[in-house]
Amino acid sequence: MLPLASTQNKEAIRRRWDKPIIAKFSRSIKKPLDYFGLPGPDIRDFHDWGKYLGFKTGIEVVTKRGKVVEEQLRKVNALETNVILDGFSENWQLRRGFLENIILDGVDIDGNAPALLATEGTKNPRMTYDLHNWDFQGGLGYKSKGEAKRIQALKRLIELQRAHPFLLLLTLNVRHTLGTELSRYLTGIGNETYSRKHQRILKWYSERKAIDSTEHYRTKATVPLFIRQIAHINSFDCYCYPPVYYEGWKEHLLHFVFTLTPQGTTLPAFSKQQLGQVVEMPLVEVHSGKFVLASFQHPGCRKQDGLDVLRQLGIQSK
């Protein structure tokens, strides 16, 4: 494999957090997981999770024009080279472009659709991947003409996957340009719960801000509630693992994992994991490859919940 960049924290998450979850899900559906996502030119996903993976659709960013195209094509070449040299070329395809555009448009910049997206002969396209790994360097939302494509793509993904169980791994930079939308969303959720305790927690999250370096707490609280809400609309039971916060090369990142299980309902479904459990989830951090519970948590946080998850995944924590 070509020697390409990674980080100690990212490696720990991939191997010690994601891998046990992926293994458990593969056992539960009794098959290797068909993969859709951003493996990167170093294809470390394939090396670390390979025994649990089936068909793989890898996405690499390529734009049609601009000064960055040459560098993008070098990454594509490195990705394809590593796939061949490391023995992953069977049951594999590459799609080029922005992942969110491929989900929204149904094809990449070359006009090619992902293999497990069925569009012909149906009014309701369906996607049947078992594992989505959306590993972004950017944030949850960057508004352009009033829209944030990543948010729209997440909605579309869950709609496309309706009736097919899957894992969603989502990594986001804490930066975004959504302004006060996250705070308004959390306040709105708080207004619809009768629990004073959860109202206070959501209010605390809604008041986090970049100026005191706590912006990531707003994103930590918002993303699980948003994914859960869209999952319910599309008849999924959604289980949320505690978010994990870590530093990359220069970025501050949040990693989320969701298990989505179809319920077969016409009306929106509900999850076994209660709203209060999602609101009360503690934040986990990774420092120098070590998992710990963040020292700064929302008021009244039950850190035992986080410790239980760490133990279930076989991770030792102080």
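The sections below set out a description of the structure shown in this document. Quick caveat, the model's predicted, so the values are computed rather than measured.

### A word on the overall build of the chain
Phase 1: Across its full length, the chain carries 10 helices and 14 strands.
Phase 2: At 19 Å, the chain has a C-alpha radius of gyration in line with the 20 Å of a compact globule built from 318 residues.
Phase 3: Reported as C-alpha extents along the three principal axes, the dimensions of the chain are approximately 55 × 45 × 45 Å.
Phase 4: Going through the 318 residues of the chain one by one, you find that 54% of them count as buried.
Phase 5: Entry remark: accessible area of the chain is about 15,400 Å², with carbon and sulfur atoms responsible for 52%.

### A short note on the pairing of strand E6 (residues 131-135)
The side chains of a regular strand alternate, first on one face of the sheet and then on the other.
Phase 1: In terms of residue burial, E6 counts as a mostly covered element, since five of its five residues are buried.
Phase 2: Here E6 shows no split at all, with Leu131, Asn133 and Asp135 on one side and His132 and Trp134 on the other all buried.
Phase 3: As judged from the three bridges shared by strand E1 (residues 33-37) and E6, these two strands associate in the parallel manner. Bridging across to E6, phenylalanine 36 finds its partner in histidine 132.

### Here's the deal with the packing of helix H6 (residues 181-191) against helix H8 (residues 215-233)
Phase 1: Their axes nearest at 10 Å, the elements H6 and H8 cross at an angle of 55 degrees. Between H6 and H8, the interaxial angle falls into the category oblique. Where H6 crosses over H8, the two elements pack in a sense that is left-handed. For the pair formed by H6 and H8, the contact residues are Leu182, Ser183, Tyr185, Leu186 and Ile189 on the first element and Glu215, Arg218, Thr219, Ala221, Thr222, Leu225, Phe226 and Gln229 on the second.
Phase 2: In terms of residue class, the contact of H6 with H8 is built from seven nonpolar, four polar and two charged.

### Focus on helix H5 (residues 149-160)
Note: α-helices contain 3.6 residues per turn, so residues at a spacing of three or four share the same orientation.
Phase 1: Compared with the 16 Å implied by 1.5 Å per residue over 12 residues, the 16 Å span of H5 between its first and last C-alpha is a close match.
Phase 2: Within H5 the residues assigned to the buried category are Arg150, Ile151, Ala153, Leu154, Leu157, Ile158 and Leu160.

### As for the environment of serine 295
Phase 1: By the element assignment, serine 295 lies in the loop between strand E14 (290-293) and helix H10 (303-312).
Phase 2: Judged by relative accessible area, which is 73%, serine 295 ranks as exposed.

How each quantity is defined
Residues numbered from 1 in each chain as written. Predicted model: local features only at pLDDT ≥ 70, side-chain atom pairs only at ≥ 80, totals over all residues. Heavy atoms only, no water. Helix = DSSP H or I, 4+ residues; strand = E, 2+ residues; numbered from the N terminus. Rg over C-alpha atoms; globule rule 2.2 N^0.38 Å. Buried < 20%, exposed > 50% of the residue type's maximum accessible area, 1.4 Å probe, protein only. Areas by Shrake-Rupley, 256 points an atom, 1.4 Å probe, with all protein chains shown as cover. Pairing = 2+ DSSP bridges. Axes fitted to C-alpha atoms, helices over the stretch in contact; angles between N-to-C directions. Parallel < 35°, antiparallel > 145°, perpendicular 65-115°, else oblique. Left-handed = near helix turned anticlockwise from the far one by under 90°. Contact = heavy atoms within 4.5 Å. Nonpolar A, V, L, I, M, F, W, Y, C, P; charged D, E, K, R; others polar. Expected span 1.5 Å × (residues − 1).

Worth remembering: the numbers are spatial, not functional.
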